[in-house]
Amino acid sequence: MRQEDLDIMYMRRCLQLAANGLGRVRPNPLVGCVVVKEGAVLSEGYHQEYGHNHAERNALLRLPAEAAAGATLYVNLEPCSHFGKTPPCADLIVERGIRRVVCCNDDPNPLVAGRGFAKLEAAGIEVVRHVLEAEGRELNRRFFTFMEQQRPYVILKWAQSADGFMAPSGGEVCCNNIAAYKGEATGGHGGQKYWLSTPGQNMLNHRWRTEEAAILVGSQTYLDDRPQLTARHWHGSQPQPIVLDRRHRLTDVPAHWLHLDSPDIPSLLTTLYEKKIQSLIVEGGRKVLDAFLASGLYDEVRILQSPQVLGSGLEAPVVHTPPALRYAQGSARNATGIPLPNLGEELRRVLIIEP
Ligand SMILES: NC(=O)c1ccc[n+]([C@@H]2O[C@H](COP(=O)([O-])OP(=O)(O)OC[C@H]3O[C@@H](n4cnc5c(N)ncnc54)[C@H](OP(=O)(O)O)[C@@H]3O)[C@@H](O)[C@H]2O)c1
């Protein structure tokens, strides 16, 4: 195998390892590391928990001090060169006698940017950069959006009926229709209980919640649905609940929620950036989703397509996306990893989860 192909292969492994940290390391990036010597993988590691060791440290500290001498170290983000919550990884790489470092993305963090590589090169280590760069940016899209655009990465998500409604207008029809879906039901537009997504889609939705830093609804959804905004059907970290309430209509918002009255979406996102919220999943309702769509300040749309037919109700938002950017997933079960191709910075994806 050519060296270039080997580099790509091991970098793919780094990205695979890095992805295990999703939901656990924010606001840090997802990072994986592989140490290879004489054609054999000596060690692997990834950044597992915010405040804990970085990927390089996890991979290198598993080995006896001399073992990595002369090895190649693969890592998908420029090694850090500063003392943060842990000591600089670049120093450890130099100490362990690594001969070559292959990297995917430069670190946009002003504390690192270029200094990690400079430290390695000053120690005589060969540095190869930008291997699978687009894939690395895709994996760390939340981190790069936050660092470069000074706003959270925004995912708009809603469930819609087969005929395009996101809530029924009255309770009776929907309750008869949706009685098949047992378990937790939310409130409803007409004050009745309803449940639009299938149990599998609901579990997927709760997994998504564990992957983002915060979750947001509008005041009307709060009043109608009394949502908990927690991840109850998937193991992982809980997102920060947020409700938007400019007229201060809500009097019983739990103390741990962010109860905000930002006048518009740009100022909301600035507030969240200042609070170091790296990513946000917006779960409706229609008015709030429309405000995000109109602002253009969002990165992904995820639609849970229900098999239910409501006949009437609150129409779901319409997203005008070229067919090539719409991804229909056969079932919620197969869609959990959402392995979508990189579409470039300016293009937004619409993921449709079919029942
Ligand atoms: N199918 C689904 O996935 C889904 C998900 C969520 C909700 N729903 C349903 O959607 C219904 C509620 O939707 P909705 O459209 O009536 O209300 P909504 O979007 O939940 O809330 C609208 C309210 O949010 C406040 N708000 C704050 N900042 C805003 C901004 N920048 N832009 C727009 N609104 C802002 C406004 O009140 P202030 O001016 O006082 O701030 C506005 O009246 C519920 O019945 C719920 O069941 C369905």
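Residues numbered from 1 in each chain as written. Predicted model: local features only at pLDDT ≥ 70, side-chain atom pairs only at ≥ 80, totals over all residues.

This part covers the overall build of the chain. Tallying secondary structure elements over the chain gives 11 helices and 15 strands in all. Looking at the chain as a whole, 42% of its 355 residues are labelled buried. Taking the intrachain contacts of the chain between residues at least 6 apart in sequence as the baseline, contacts between residues at least 24 apart amount to 71%. (Helix = DSSP H or I, 4+ residues; strand = E, 2+ residues; numbered from the N terminus. Buried ≥ 20, exposed ≤ 12 C-beta atoms within 10 Å, placed from the backbone. Contact = placed C-beta atoms within 7 Å.)

For L268, the position within the fold is in helix α10 (residues 265-274). You can call L268 buried: it has 24 C-beta atoms within 10 Å. Here the alpha-carbon distance between L268 and L244, two residues 24 residues apart in the chain, equals 9.0 Å. If we skip the residues at most four places from it in the chain, L268 touches L244, L260 and S262.

Formed by 42 residues in total, the largest nonpolar core has its most connected members in V154, L156, A214, L216, L280, V282 and F292. If sequence neighbours within four positions are ignored, L216 has contacts with I242, L244, L280, V282 and E283. Counting residues in hydrophobic clusters, the runner-up holds 39 residues, among them Y10, A59, L77 and C89. (Core = buried A, V, L, I, M, F, W, Y, C linked by C-beta atoms within 7 Å.)

Let us look at the site of the ligand. Taken together, the neighbourhood of the ligand is formed by 29 residues, with G218, Q220, R246, G284 and G285 sitting nearest. Tallying contributions element by element places helix α9 (residues 219-225) first for the shell around the ligand, with five residues. (Near = placed C-beta within 6 Å.)

As for its position among the elements, L297 is in the loop between α11 (286-295) and β12 (300-305). Classification of L297 by C-beta neighbours within 10 Å gives partly exposed; the count is 17. Spatially, the C-alpha atoms of L297 and P152 are 9.5 Å apart, while their sequence positions differ by 145 residues. Setting aside residues no more than four positions away along its own chain, L297 makes contact with R151, V154, I265, P266, L269 and F292.

A few words on the pairing of strand β1 (residues 32-37). Burial of β1 is extensive: five of the six residues sit out of reach of the surface. Two elements, β1 and strand β2 (residues 40-46), share six bridges in a ladder whose sense is antiparallel. Residue pairing across strands places V35 opposite S43, the latter belonging to β2. Connecting β1 to the antiparallel partner β2 that follows it, the hairpin turn spans two residues, and E38 within it adopts a positive phi of roughly 50°. Relative to strand β3 (residues 72-77), β1 is paired through four bridges, and the arrangement is antiparallel. When the sheet's bridge partners are listed, V36 is paired in β3 with T72. (Pairing = 2+ DSSP bridges.)

Scored by pLDDT, the chain comes out at a mean of 86, with 84% of its residues at no less than 70. Low confidence marks residues 171-187, where pLDDT is under 50. Its contacts with residues over four positions away, or in another chain, come to 35 contacts. (pLDDT = per-residue confidence, 0-100.)

Most peptide bonds adopt trans geometry, and most residues besides glycine take a negative phi value. Across the junction of R26 and P27, the peptide omega takes the value 5°, indicating a cis bond. For the bond running from G284 to G285, omega is 0°, close enough to zero to count as cis. Along the chain, G285 falls in the loop between β11 (279-282) and α11. The phi dihedral of Q150 is positive, around 50°, even though this residue is not glycine. Locating Q150 in the fold gives a position in the loop between α6 (141-149) and β6 (153-160). Since 11 C-beta atoms lie within 10 Å of it, Q150 is described here as exposed. One non-glycine residue, R226, lies in positive phi territory at about 50°. Tracing the backbone shows R226 in the loop between α9 and β9 (240-244).

So, about the sheet that holds β2. Read across the sheet, five strands follow the order β2-β1-β3-β4-β5 without closing on themselves; strand pairing throughout is mixed. The open sheet has two edge strands with one neighbour each: β2 and β5 (126-128). Geometrically, the sheet is characterised by an average inter-axis angle of 20° between neighbouring strands, direction not taken into account. Along the sheet face, helix α1 (residues 3-18) touches β1, β2, β3, β4 (100-105) and β5 and points at about 145° away from the line of β1. (Axes fitted to C-alpha atoms, helices over the stretch in contact; angles between N-to-C directions.)

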